[in-house]
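Chain by chain, the residues:
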Amino acid sequence: MAHQHPPRFLRIVDDARTRIRETDVDTVKTRMDRGDTFVLVDVREESEYAKDHLPGAIHMGKGVIERDIEARVAELNTEMVLYCGGGFRSALAADNLQKMGYSNVISMDGGIRAWREKRYPLTRD
């Protein structure tokens, strides 16, 4: 049940995607299995995160990530992989973090929906 996003929202997401790096769920899963070091950030709403999230993810919702990121991730070159429901909010958040000086931010295209479709593991805290 794919959600239809409004055209103006899709335009700003498409614009952000011209400036950010993206990856897919298979690559993130492979990197997690390998034990690669990166900060995995769930930018969905708190209620969405509470329901389930990727193992090891920290929560910083799209509404507050720009305000709270410096307290959680001080180093500007820290690798961060951001995800949301489908890869739209995470693209916008990645764009804003780059504007703040973070240089190693990646958005996970497909988001948790694509993760679920692959039946990759999810957890609750």
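Everything discussed here concerns the structure shown above.
These notes cover the structure that comes with them.

## What about the overall build of the protein?
Looking only at helices and strands, the protein features six helices and five strands. Starting at the N terminus, the α and β elements of the protein follow one another as α-β-α-β-α-β-α-β-α-β-α. For 125 residues, the compact-globule formula gives about 14 Å, and the C-alpha radius of gyration of the protein, at 14 Å, lands near that figure. For the protein, the spread of C-alpha atoms along the three principal axes comes to 35 × 35 × 25 Å. The long-range fraction of contacts in the protein, counting pairs at least 24 apart against all pairs at least 6 apart in sequence, stands at 69%. Surface summary for the protein: the accessible area is close to 7,100 Å², and the carbon and sulfur share equals 49%.

## Brief notes about the nonpolar core
Judged by nonpolar contacts, the single largest core of 20 residues is most densely connected at Ile 65, Ile 69, Met 80, Leu 82 and Leu 97. Going through the elements one at a time, helix H1 (7–17), helix H4 (65–72), strand S4 (80–83) and helix H5 (89–99) are the ones with two or more residues in this core. Counting residues per element, this core draws most heavily on H5, at five residues. In this view, Ile 65 contacts Val 41, Val 43, Met 60, Leu 82, Ala 93 and Leu 97; residues no more than four positions away in its chain are not counted.

## A look at the packing of aromatic side chains
This model, assessed by the stated rule, comprises two aromatic pairs. Ring geometry for Phe 9 versus Phe 88: centroids 6.2 Å apart, planes at 45°, classification tilted. Separated by 79 residues along the polypeptide, Phe 9 in helix H1 and Phe 88 in the loop between S4 and H5 bring together distant segments of the chain. Residues Trp 115 and Tyr 120 carry aromatic rings whose centres are separated by 5.0 Å and whose planes lie at 70° to one another, so their mutual orientation is edge-to-face. Look at Trp 115 and you get buried, because its relative accessible area is 0%.

## Concerning unusual backbone geometry
The phi angle at Arg 119 is positive, at roughly 60°, despite the residue not being glycine. Residue placement: Arg 119 occurs in the segment after helix H6 (111–117). On the basis of relative accessible area, Arg 119 is assigned to the exposed category, the value being 76%.

## Some words on the sheet that holds strand S3 (residues 58–59)
The strand order across the open sheet formed by five strands is S1-S5-S4-S2-S3, and the pairing between neighbours is parallel. The open sheet has two edge strands with one neighbour each: strand S1 (21–23) and S3. Note: strand S2 (residues 39–42) against S4, four bridges, orientation parallel. Residue Leu 40 lies in a different strand from S4, and its bridge partner there is Val 81. Most of the contacts of H5 go to strand S5 (residues 105–108), to which it runs at about 175°, and overall it touches S1, S4 and S5.

Rules behind the numbers
Residues numbered from 1 in each chain as written. Predicted model: local features only at pLDDT ≥ 70, side-chain atom pairs only at ≥ 80, totals over all residues. Heavy atoms only, no water. Helix = DSSP H or I, 4+ residues; strand = E, 2+ residues; numbered from the N terminus. Rg over C-alpha atoms; globule rule 2.2 N^0.38 Å. Contact = heavy atoms within 4.5 Å. Areas by Shrake-Rupley, 256 points an atom, 1.4 Å probe, with all protein chains shown as cover. Core = buried A, V, L, I, M, F, W, Y, C linked by side-chain atoms within 4.5 Å. Buried < 20%, exposed > 50% of the residue type's maximum accessible area, 1.4 Å probe, protein only. Phe/Tyr/Trp six-rings, centres within 6.5 Å; stacked < 30°, edge-to-face > 60°. Pairing = 2+ DSSP bridges. Axes fitted to C-alpha atoms, helices over the stretch in contact; angles between N-to-C directions.

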